[in-house]
Amino acid sequence: FRKRLEFRKEFAYLFSARVLSTAVTLVLAWQWREYWALVAGTLAQALIRVALSYALSPYRPRPSRAGLRDIFRFSRWMLLQNVLQGLSDRASALAIGRLAGADALAKYNIAYEIANLATTELAAPIRRAISE
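In this text the structure is predicted, and so the values were computed from the model without any measurement. (Residues numbered from 1 in each chain as written. Predicted model: local features only at pLDDT ≥ 70, side-chain atom pairs only at ≥ 80, totals over all residues. Heavy atoms only, no water.)

Caption draft 1: Representation of the packing of helix α1 (residues 7-32) against helix α2 (residues 36-56) in the model. Direction vectors running N to C along α1 and α2 enclose 150°, while the axes themselves pass 8 Å from each other. Judged by the inter-axis angle, α1 sits roughly antiparallel to α2. Relative to α2, the crossing made by α1 is right-handed. Within the contact between the two elements, α1 uses Tyr13, Leu14, Ser16, Ala17, Arg18, Leu20, Ser21, Val24, Thr25, Leu28, Ala29 and Trp32 and α2 uses Trp36, Ala37, Leu38, Ala40, Gly41, Ala44, Gln45, Ile48, Arg49, Leu52, Ser53 and Leu56. The residue makeup of the contact of α1 with α2, split by class, is 16 nonpolar, six polar and two charged. (Axes fitted to C-alpha atoms, helices over the stretch in contact; angles between N-to-C directions. Helix = DSSP H or I, 4+ residues; strand = E, 2+ residues; numbered from the N terminus. Parallel < 35°, antiparallel > 145°, perpendicular 65-115°, else oblique. Left-handed = near helix turned anticlockwise from the far one by under 90°. Contact = heavy atoms within 4.5 Å. Nonpolar A, V, L, I, M, F, W, Y, C, P; charged D, E, K, R; others polar.)

So this is what it looks like as structure tokens:
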């Protein structure tokens, strides 16, 4: 959608996926009454996004291993950098979880998400628009 500058369709796709996955997560949380509902909700969001992308877009990619070696040769350093960056980003959460326990980690993660919500929600559309 971004490539064809169809931002209304992109918004509908992203918003629908978020609303549907939130509904699935809430229903599962109400039924299961444990944290596994959050895990299932995250997996449901990925499945919903795939299903919606196939429903809303005529493009149908097919899996292929043809250029896998070339792609890995080109991107291996980016992969290493992203893994190290991910570890760096989550180092505080790993330390808090290890030292203070799951309850403190949950509170920290919620506070972190709320604190960064405005900037991430504002930056995401801008990043999508300039990345293409």
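And the narrative resumes.
Caption draft 2: Broad picture of helix α3 (residues 68-100). Bending of α3 peaks at approximately 55° at the position of serine 75. One or two steps after α3, the chain reaches glycine 101, where phi turns positive at roughly 100°. (Bend = angle between axes of the 7 residues up to and from the residue.)

Caption draft 3: Expanded view of α2. Between its first and last C-alpha, α2 extends 30 Å over 21 residues, near the 30 Å set by a 1.5 Å rise per residue. Where α2 is buried, its residues touch α1. (Expected span 1.5 Å × (residues − 1).)

Caption draft 4: Fine view of the packing of aromatic side chains. Under the counting rule described, the total for this entry stands at three aromatic pairs. On the basis of an interplanar angle of 15° and a centroid distance of 5.5 Å, the ring pair of phenylalanine 11 and phenylalanine 15 is categorised as stacked. Of this pair, phenylalanine 11 and phenylalanine 15 both sit in helix α1, separated by four residues, roughly a single helical turn. (Phe/Tyr/Trp six-rings, centres within 6.5 Å; stacked < 30°, edge-to-face > 60°.)

Caption draft 5: Spotlight on the nonpolar core. Counting residues in each nonpolar core, the largest one holds five residues, listed as Phe1, Tyr13, Ala17, Ile48 and Leu52. Here leucine 52 is in contact with Tyr13, Ser16, Ala17 and Leu20, once residues within four sequence places are set aside. (Core = buried A, V, L, I, M, F, W, Y, C linked by side-chain atoms within 4.5 Å. Buried < 20%, exposed > 50% of the residue type's maximum accessible area, 1.4 Å probe, protein only.)

Caption draft 6: A look at the environment of alanine 93. Along the chain, the position of alanine 93 falls in helix α3. For the pair alanine 93 and threonine 25, spaced 68 residues apart in the sequence, the C-alpha separation amounts to 23 Å. If we ignore the near neighbours within four places in the chain, the residues touching alanine 93 are Leu105, Tyr108 and Asn109.

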